[in-house]
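# A look at the structure
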Amino acid sequence: MSCWQTIQDYGLRSIGIGERLLPKENFTLCEHFTLIGSGMIWNVYFGALALFTGFFFATALAVAKGSDNRWLRKPAEWFIFLFRGSPLFIQFFFAYFLFLNLKGVIPFFSPFTAAWLGALIVLFCNTAAYTAEIFYGALRSIPKGDTDAADAYGMSGWPRFRRIVWPTMLRLAWPAYTNEAIFLFHATTLVYFSSFPAWRQKGDALYYANYFADKTFNPFIPYPILAMYFIMVTLLIVALFGVINKRLNRHLPVERRVRMRFRLNLMR
Amino acid sequence: MFSYCSDPETLGSFGWFSCYLTTGVHMSFYLSFIKVLLLLAVTAPVALGVGFWGAMSARSRIIPLSWVGKTYIALVRGVPDIAFFLFFVIALDQAFEWTRHKILCPDWDQPIRQGADFLVCTQAKLPLGSAPQWVHESYGFSLAVITFAIVFGAFAANVLYGAMRAVPREQIETAEAYGMTHAQAFWRILVPQMWVYALPGLSNLWMVLIKATPLLFLLGIEDIVYWARELGGTKTPKFTSYPHGDWRMWYFLFLLVFYLAFTRVSEVVLERLMGRLTHGQATSGGEAQRKAAV
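Note that the structure is a prediction, hence the values are computed from the model and not measured.

Quick look at the overall build of chain B now. When helices and strands are counted, chain B shows ten helices and two strands. Expected size for 294 residues packed as a compact globule is a radius of gyration near 19 Å; at 25 Å, chain B overshoots this value by more than 25%. Considered along the principal axes of its C-alpha atoms, chain B spans approximately 80 × 75 × 30 Å. Residue burial in chain B is summarised as follows: out of 294 residues, 44% are buried. Positive and negative side-chain charges in chain B, numbering 22 and 19 respectively, have mean positions lying 9 Å apart.

Below is the structure:
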């Protein structure tokens, strides 16, 4: 079977298009690359969607945590502590069994036990909490001069936030937020290893890599392929976020720009 | 455990729970918490040691050695950790068995990798097929420790590498002016001073390490996640005198609370430690303490 045939059969296997049965024996390198790459669709789906939706929630959380009002501050603080203080792995397990129990009572919750929605919600809350902490730190280090200037222009409330505080917050938080994005993508590999079932063997990249490693008892081929895919995604994120960082800093003289520094020492 | 537990059906809810939570399997569940703490206690110093070697080789003047160090740091951090855990458990096991096979059975003529099988001679099996159960368990546990040490060693190496570079250059220059060799300046001047710079990163790493412990489950250890799944599942009266529905949610809620509490306690302790260490230091933290005292 030619490699082109394999790509046609298994290229979209992870979302249920193409050959139904996974290869059983005599795995070729092409099959490794195609299936693991096909699994990456799910990693990108979880990562991109959680990152995008989490971004807005995180902004709200950060503002709430910085607010003077107790009723806004306390819930935000607790939410952030809850999701940053516990392992993501345990959060996935707990959420899955919670949704399973809720499903028994109210049928409305049945889609939540599937990974595409249930795991997405957990990732959304998780990344929102981590990002909110980053944004909160940035909010607190906004230069006094910026807000003074806003006051001098007579800005207050929403326009002040929208035009002064928010862009500056993003600019200051962006390097740390880039790291958060990278780690969120790495964290998406946990989904199918916590309880969320891979229905009809539609799993993510690690699910297929693990499938090959289990079948061949040879970890030296599938995992390096997986690593290669993830390094590619990481580089893509770095490039993409670098462009945005440039745009956020475009009004500043070169020496005052926020540099991208990659401190990848986070894990969930 | 208690004498009144012989017939659980007659008990009220409080008595029932006191019996239920002290059954033999629950004792294994509690024991697995000790296992997790033990893993943390063993891994943290080992990973720190590995990290120290990694940082040392990354800043080595021998170019190939510094490449090795830098590649190690970059590679481990660029790939999802869970993939490393899954990879190393098989890879380490095979590496050990392969080495033993080469030493113990030199006249073995068949290939080790036969299709989907990995075959070594009987004497090279690790642990030996005849070994008692506890050897198997501790072998699995030490594989887990090595895996954790490799992954966290890279993170620690990164922190220490940064800390070594944060020590002011003048300090080393002074040492050189006194005629110290490169090694002497490293051990006598750089290493004692770098810890203050390393501590924030290392305490962050400790938090991360705590949160990585549930991944033990993936390494095939019977840890807290394993037992929570086992014990929480639906039990029918046929097999146990304590039947119940699907309680896994409550078990995992308990684990969640356990981790939150553990994180909180660590935070408080590390904050105090940092306060102690910054006392009198020429850093912004030390300066803030001086101002607050006045």
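Text resumes after the structure shown.
Here we take up the overall build of chain A. Helix and strand counts for chain A stand at nine helices and zero strands. Each helix (α) and strand (β) of chain A, taken in turn from the N terminus, gives the series α-α-α-α-α-α-α-α-α. Overall, chain A is about 70 × 50 × 30 Å in size when its C-alpha atoms are taken along their principal axes. Out of the 268 residues in chain A, the part that is buried amounts to 51%. Taking contacts inside chain A between residues at least 6 apart in sequence as the whole, the part at least 24 apart equals 75%. With an accessible surface of roughly 13,000 Å², chain A has 65% of that area assigned to carbon and sulfur atoms. Each charge class in chain A can be summarised by its mean position, and for the 27 positive and 14 negative side chains these summaries are 6 Å apart.

Facing the 41 residues of chain A at the interface are 41 residues of chain B. Across the chain A to chain B interface the summed buried area is about 4,000 Å²; carbon plus sulfur atoms make up 75%. Linking chain A to chain B there are zero salt bridges. Taken together, the connections running from chain A to chain B amount to four residue pairs in polar contact (both at pLDDT 80 or more).

Below, the discussion takes up the packing of helix H2 (residues 24-58) of chain B against helix H7 (residues 182-212) of chain B. All names here are of chain B. Closest axis-to-axis distance for the H2/H7 pair is 11 Å, and the angle between their directions is 130 degrees. The angle between H2 and H7 falls in the class oblique. The way H2 lies across H7 gives a crossing that is right-handed. In contact with Leu40, Thr43, Ala44, Leu48, Phe52 and Met56 of H2, H7 contributes Phe186, Trp187, Val191, Met194, Leu202, Trp206, Leu209 and Ile210. For the contact of H2 with H7, the per-class residue count stands at 13 nonpolar, one polar and no charged.

What follows deals with unusual backbone geometry. Glycine aside, residues mostly have negative phi angles, and peptide bonds mostly take the trans form. All names here are of chain A. A positive phi angle is found at glutamine 201, which is not glycine, with a value near 55 degrees. In this fold, glutamine 201 is placed in the loop between helix H7 (157-187) and helix H8 (205-216). Looking at glutamine 201, the relative accessible area reads 29%, which means it is partly exposed. Positive phi values are uncommon outside glycine, yet phenylalanine 217 reaches one of about 55 degrees. Its location among the elements puts phenylalanine 217 in the loop between H8 and helix H9 (222-248).

Summed over all chains, the structure comprises nine salt bridges over all chains. Here glutamate 77 of chain A ties to lysine 74 of chain A by a salt bridge, and the two come within 3.4 Å at their closest N and O atoms. Of this pair, glutamate 77 of chain A and lysine 74 of chain A both sit in helix H3 (residues 70-85), separated by three residues, roughly a single helical turn. Looking at glutamate 77 of chain A, the relative accessible area reads 28%, which means it is partly exposed. Given a relative accessible area of 33%, lysine 74 of chain A falls into the partly exposed group. Arginine 264 of chain B is paired through a salt bridge with glutamate 267 of chain B; the nearest N and O atoms lie 2.3 Å apart. Of this pair, arginine 264 of chain B and glutamate 267 of chain B both sit in helix H9 (residues 248-278), three residues apart, which is roughly one turn of the helix. Take arginine 264 of chain B: its relative accessible area is 43%, and that puts it in the partly exposed class. Several salt bridges converge on common partners, so that one network encompasses Arg73, Lys74 and Glu77 of chain A.

On to the confidence of the model for chain A, then. Averaged over every residue, the pLDDT of chain A is 87; residues scoring 70 or more account for 96%. pLDDT under 50 marks residues 264-268 of chain A. Its contacts with residues more than four places away, or in other chains, come to 31 contacts.

This brings us to the packing of aromatic side chains. Across all of its chains, the model carries 54 aromatic pairs over all chains by this definition. For the ring pair phenylalanine 220 of chain A and phenylalanine 87 of chain B, a centre distance of 5.6 Å and an interplane angle of 85 degrees mean the geometry is edge-to-face. One end of the pair, phenylalanine 220 of chain A, is in the loop between H8 and H9; the other, phenylalanine 87 of chain B, is in helix H4 (residues 81-104), on a second chain. Relative accessible area serves as the criterion here: at 42%, phenylalanine 220 of chain A is assigned to the partly exposed category. We classify phenylalanine 87 of chain B as buried; its relative accessible area is 15%. On the basis of an interplanar angle of 70 degrees and a centroid distance of 5.3 Å, the ring pair of phenylalanine 87 of chain B and phenylalanine 88 of chain B is categorised as edge-to-face. Joined through ring pairs, the aromatic side chains of Phe52, Phe55, Phe56, Phe135, Trp166, Trp174, Tyr177 and Phe241 of chain A make up one cluster.

Attention shifts here to H2 of chain B. With 35 residues, H2 of chain B extends 49 Å from end C-alpha to end C-alpha; this agrees with the ideal 51 Å at 1.5 Å per step. Along its length, H2 of chain B reaches its greatest deviation from straightness, about 25 degrees, at threonine 43 of chain B, and the proline proline 45 of chain B lies no more than four positions downstream.

All names here are of chain A. Inspection of the secondary structure assignment puts arginine 257 in the segment after H9. Note on arginine 257: relative accessible area 30%, which makes it partly exposed. A sequence separation of 105 residues divides arginine 257 from alanine 152, and the C-alpha atoms of the two residues are 24 Å apart. Those residues in contact with arginine 257, other than ones at most four positions away along the chain, are Asn249, Arg250 and Leu252.

In this section: the side chain of threonine 189 of chain A. Looking at the element boundaries, threonine 189 of chain A is found in the loop between H7 and H8. Ignoring any residue separated from it by four or fewer positions in sequence, one finds threonine 189 of chain A in contact with Asn43, Asp204, Leu206 and Phe230 of chain A together with Pro80 and Ile82 of chain B.

Residue and element names in this part refer to chain A. A cluster of nonpolar side chains, contributed by Leu29, Phe33, Ile221, Met228 and Met232, occupies part of the molecular surface with about 430 Å² of accessible area. Elements that contribute at least two residues to the nonpolar patch include exactly helix H2 (29-65) and H9. Within the element layout of this structure, phenylalanine 33 appears in helix H2. By relative accessible area, phenylalanine 33 is classed as partly exposed at 32%.

About the criteria used
Residues numbered from 1 in each chain as written. Chains lettered and ligands numbered in written order. Predicted model: local features only at pLDDT ≥ 70, side-chain atom pairs only at ≥ 80, totals over all residues. Heavy atoms only, no water. Helix = DSSP H or I, 4+ residues; strand = E, 2+ residues; numbered from the N terminus. Rg over C-alpha atoms; globule rule 2.2 N^0.38 Å. Buried < 20%, exposed > 50% of the residue type's maximum accessible area, 1.4 Å probe, protein only. Lys, Arg positive; Asp, Glu negative; His and termini not counted. Charge placed at Lys NZ, Arg CZ, Asp CG, Glu CD. Contact = heavy atoms within 4.5 Å. Areas by Shrake-Rupley, 256 points an atom, 1.4 Å probe, with all protein chains shown as cover. Buried area = accessible area lost by both parts, 1.4 Å probe. Salt bridge = Lys/Arg side-chain N within 4 Å of Asp/Glu carboxyl O. Polar contact = N/O pair within 3.5 Å; in protein donor to acceptor, adjacent residues only side chain to side chain. Axes fitted to C-alpha atoms, helices over the stretch in contact; angles between N-to-C directions. Parallel < 35°, antiparallel > 145°, perpendicular 65-115°, else oblique. Left-handed = near helix turned anticlockwise from the far one by under 90°. Nonpolar A, V, L, I, M, F, W, Y, C, P; charged D, E, K, R; others polar. pLDDT = per-residue confidence, 0-100. Phe/Tyr/Trp six-rings, centres within 6.5 Å; stacked < 30°, edge-to-face > 60°. Expected span 1.5 Å × (residues − 1). Bend = angle between axes of the 7 residues up to and from the residue. Patch = residues over 30% accessible without salt bridge, like charges linked within 9 Å, V, L, I, M, F, W, Y side chains within 5 Å.

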